[in-house]
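# Fold and geometry: a report
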Amino acid sequence: MERRTIGAAALAVGAVGLGCMPMSWAYSASGRRGDESLRAVHRALDLGSSLLDTADMYGPFTNELLVGRALKERRSDAFVSTKVGLLVGDQHIVANGRPGYVRRACDASLRRLQTDVIDLYQLHRADPEVPVEETWGAMAELVRAGKVRALGLCAVGARAGRRAGSRPHDATIGQLERVQQVFPVSAVQAELSVWSPEALETLLPWCETRGVGFLAAMPLGNGFLTGRLRPGAGFEADDLRARHPRFTAEMMAANQPIVAGLRRVARRHGDHVTPAQVALAWVLAQGPHVVPVPGTKRERWVTENTAATRLRLTAGDLREVAGLPPAQGSWD
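Let us look at the structure shown here. Keep in mind it's a predicted model, so treat the numbers as computed, not measured. The residue count restarts for each chain, going from 1 along the sequence in the order it is written. The model is predicted, so local features are restricted to residues of pLDDT at least 70 and side-chain atom pairs to those at 80 or more, both for listing and for counting; the totals for chains, interfaces and linings are taken over all residues. Excluded from the side-chain calculations are hydrogens and water; all other atoms, namely the structure's heavy atoms, are used.

## Concerning the packing of aromatic side chains
Stacked, edge-to-face and tilted labels apply to pairs of Phe, Tyr and Trp rings (six-membered ring for Trp) whose centres lie within 6.5 Å, assigned for plane angles under 30 degrees, over 60, and everything in between, in that order. Across all of its chains, the model carries five aromatic pairs by this definition. On the basis of an interplanar angle of 25° and a centroid distance of 5.7 Å, the ring pair of Trp25 and Tyr58 is categorised as stacked. Highlighted residues: Trp25 in the loop between strand E3 (18-19) and helix H1 (34-46) and Tyr58 in the loop between strand E4 (51-53) and helix H2 (62-74), separated in sequence by 33 residues. Type-normalised accessible area, obtained with a 1.4 Å probe on protein chains alone, sets the label of each residue: buried when under 20%, exposed when over 50%, and partly exposed for intermediate values. Judged by its relative accessible area of 21%, Trp25 falls in the partly exposed class. A relative accessible area of 8% means that Tyr58 is categorised as buried. Relative to Phe247, the ring of Phe224 lies with its centre 6.5 Å away and its plane at 80°, an arrangement referred to as edge-to-face. With Phe224 in the loop between strand E11 (213-217) and helix H7 (249-254) and Phe247 in the loop between E11 and H7, the pair connects residues that are 23 residues apart, well separated along the chain. The same class applies to Phe224 as to Phe247, namely buried. Here the aromatic residues Trp195, Phe224, Phe235 and Phe247 are joined through ring pairs into a cluster of three or more. Arg228 extends its terminal NZ or CZ atom over the ring of Trp301, reaching a point 3.6 Å from the ring centre. Numbered from the N terminus, helices here are DSSP runs of H or I no shorter than four residues, and strands are runs of E no shorter than two. The rule is short: NZ of Lys or CZ of Arg within 6 Å of the ring centre and within 35 degrees of the ring normal puts a charge over the ring.

Take a look at the structure:
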């Protein structure tokens, strides 16, 4: 697989990563199978999809434990990315950026992941009660201690905290400017997909001009851009999409022209090419520092997603995708 680099330290990873969250959190529990998920991780590593993206809050904790089972056998094949800063309680999620907590959380993640170093440690969300510089400083100490190789920041929502006249991701860029004064940012993780392209406006250029890697979260739109979800089919109650405004039957039907456009482009490249692969190839085409991180728990989809690195969209393809209608329905 093509390799891409993250940050000034030039950390090399496969051009498509693996989002491990669906294996144990946020999507329907009835579809989770630990051994099947473990096979998906091994398949990703076999194909060169080395970046494994997890977080302590996924589960909570069970996702890191699952990834750790794979790392115990194949640590040298993997690039491990995990996150800190969010605590999951009963029906709520809260931020914790206190330095002491960050240090304890890192040690706990290392134990669960069965490794002595985390390749990329990401701040999941800044704690509004703690200056982000203090949290980032504690994370920088972990790098100096040899427990972490590089630091990353997860973006707040594209529209979160926006004031009149502000642009998408202004809040994230403000955080980045502050923490960059403390210790270098190697990567930013934010949503980027055909139906959520807001990062292209300011956040992606910010990263490009500073040599910061960009991890594209939800590049398949929580499964919508695969074309395999049917409007009105519904989701189980514990699936995050069951409560998501863009996944109502009405909005899914309204956004079908986006999937139809991806299918048109796919057909031009052969019967074996899928809308999902076109969606991932579009993300890959946004810059050599961009690494899409699609989430899945099945070997089949890992194989399909990694094959997107071989799909080369033409200038005409890219114009056609850019010309697709904007997605309808609230997102964040």
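Once you've had a look at it, read on.
## Quick notes on empty space enclosed by the protein
Think of a 1 Å grid over the protein atoms and nothing else: a 1.4 Å probe that fits but is trapped marks a cavity, an open set flanked by protein within 12 Å on at least five of seven lines marks a pocket, and residues with an atom within 4 Å of a point count as lining. Grid points are joined across faces, edges and corners, and a volume is the space filled by probe spheres set on the points. Across all of its chains, the model carries one cavity of 30 Å³ or more by this definition. Put simply, the largest cavity is a space of about 40 Å³. Lining the largest cavity are Val16, Gly17, Leu18, Ala44, Ser49, Pro294, Thr296, Val302, Asn305 and Thr306. Examining the composition of the lining of the largest cavity, we find that three residues originate from one element, helix H10 (residues 299-306), more than from any other. For the lining of the largest cavity, the class distribution of residues is five nonpolar, five polar and no charged. Throughout this entry, Asp, Glu, Lys and Arg are counted as charged residues, while Ala, Val, Leu, Ile, Met, Phe, Trp, Tyr, Cys and Pro are counted as nonpolar. The remaining residues, Gly among them, count as polar.

## Concerning the state of the cysteines
Cysteine sulfur atoms that pair up within 2.5 Å are treated as a disulfide. With the rule as written, the count across this model stands at zero disulfides. Summary of cysteine pairing: Cys106 is not part of a disulfide, and the nearest cysteine sulfur, belonging to Cys154, is at 15 Å. Cys106 gets classed as buried once you look at its relative accessible area, which sits at 0%. You can see Cys207 has no disulfide; the closest cysteine sulfur is in Cys154, sitting 12 Å from it.

## Focus: the side chain of Thr296
Examined against the element boundaries, Thr296 turns out to sit in the loop between strand E12 (290-293) and H10. Looking at Thr296, the relative accessible area reads 7%, which means it is buried. Within 3.5 Å is the distance limit for a polar contact, defined as a pair of N or O atoms, with the added protein rule that one can donate a hydrogen and the other accept it, and that residues adjacent in sequence qualify only through two side-chain atoms. At 3.3 Å, the side chain of Thr296 forms a polar contact with the backbone nitrogen of Arg298. The contact criterion used is simple: two residues touch if any of their non-hydrogen atoms lie within 4.5 Å. Residues in contact with Thr296, not counting those within four places in the same chain, are Leu18, Gly19, Pro22, Met23, Trp301, Val302 and Asn305.

## Examining the environment of Ser49
The topology assignment puts Ser49 in the loop between H1 and E4. Judged by its relative accessible area of 1%, Ser49 falls in the buried class. Ignoring any residue separated from it by four or fewer positions in sequence, one finds Ser49 in contact with Met1, Val16, Gly17, Leu18, Ala44 and Thr306. Within the structure, the side chain of Ser49 is placed 2.5 Å from the backbone oxygen of Val16, a separation counted as a polar contact.

## Side note on the pattern of salt bridges
Between side chains of opposite charge, a pair can form as their charged atoms come close. Any Lys or Arg side-chain nitrogen found within 4 Å of a carboxyl oxygen on Asp or Glu counts as a salt bridge. Within the structure shown, the criterion is met by 20 salt bridges. Ionic pairing is found between Arg69 and Asp35, a salt bridge with its closest N-O pair at 3.4 Å. One end of the pair, Arg69, is in helix H2; the other, Asp35, is in helix H1, with 34 residues separating them in the sequence. A salt bridge links Arg268 to Asp317; its shortest N-O distance comes to 2.8 Å. Note that Arg268 is positioned in helix H8 (residues 256-268) and Asp317 in helix H11 (residues 315-322), a separation of 49 residues in sequence.

## What about the environment of Leu240?
Mapped onto the secondary structure, Leu240 falls in the loop between E11 and H7. With relative accessibility at 25%, the residue Leu240 sits in the partly exposed group. When the C-alpha atoms of Leu240 and Asp77 are compared, they prove to be 31 Å apart, with 163 residues separating the residues in sequence. If near-sequence neighbours (up to four positions away) are discounted, Leu240 is found in contact with Ala26 and Asn222.

## Focus on the sheet that holds strand E5 (residues 79-84)
Here we have eight strands laid out as an open sheet, ordered E3-E4-E5-E8-E9-E10-E11-E12, and parallel in their pairing. Unpaired on one side and paired on the other, E3 and E12 mark the two borders of the sheet. By the bridge criterion, five bridges tie strand E8 (residues 118-123) to strand E9 (residues 148-154) in an arrangement that is parallel. When the bridges of E9 are listed, Leu120 appears paired with Ala150. Every axis corresponds to a line fitted to the C-alpha atoms, with the helix fit spanning only the stretch in contact, and the corresponding angles, defined between N-to-C directions, vary from 0 to 180 degrees. Against the sheet, helix H4 (residues 132-144) contacts E5, E8 and E9, and its axis sits at roughly 155° relative to E9. DSSP calls a pair of strands paired once it identifies at least 2 bridges connecting them.

## Quick word on the nonpolar core
Counting 79 residues, the largest nonpolar core has Tyr121 and Phe214 as the members making the most contacts within it. Look past the residues within four positions of Phe214 in its chain and what remains in contact with it is Val188, Ala190, Leu192, Ala199, Leu203, Leu204, Cys207, His289, Val290 and Val291. What we call a nonpolar core is a set of buried Ala, Val, Leu, Ile, Met, Phe, Trp, Tyr and Cys residues that are connected through their side-chain atoms within 4.5 Å. Listed in part, the eleven residues of the second largest apolar core include Ala150, Leu215, Val291 and Val293.

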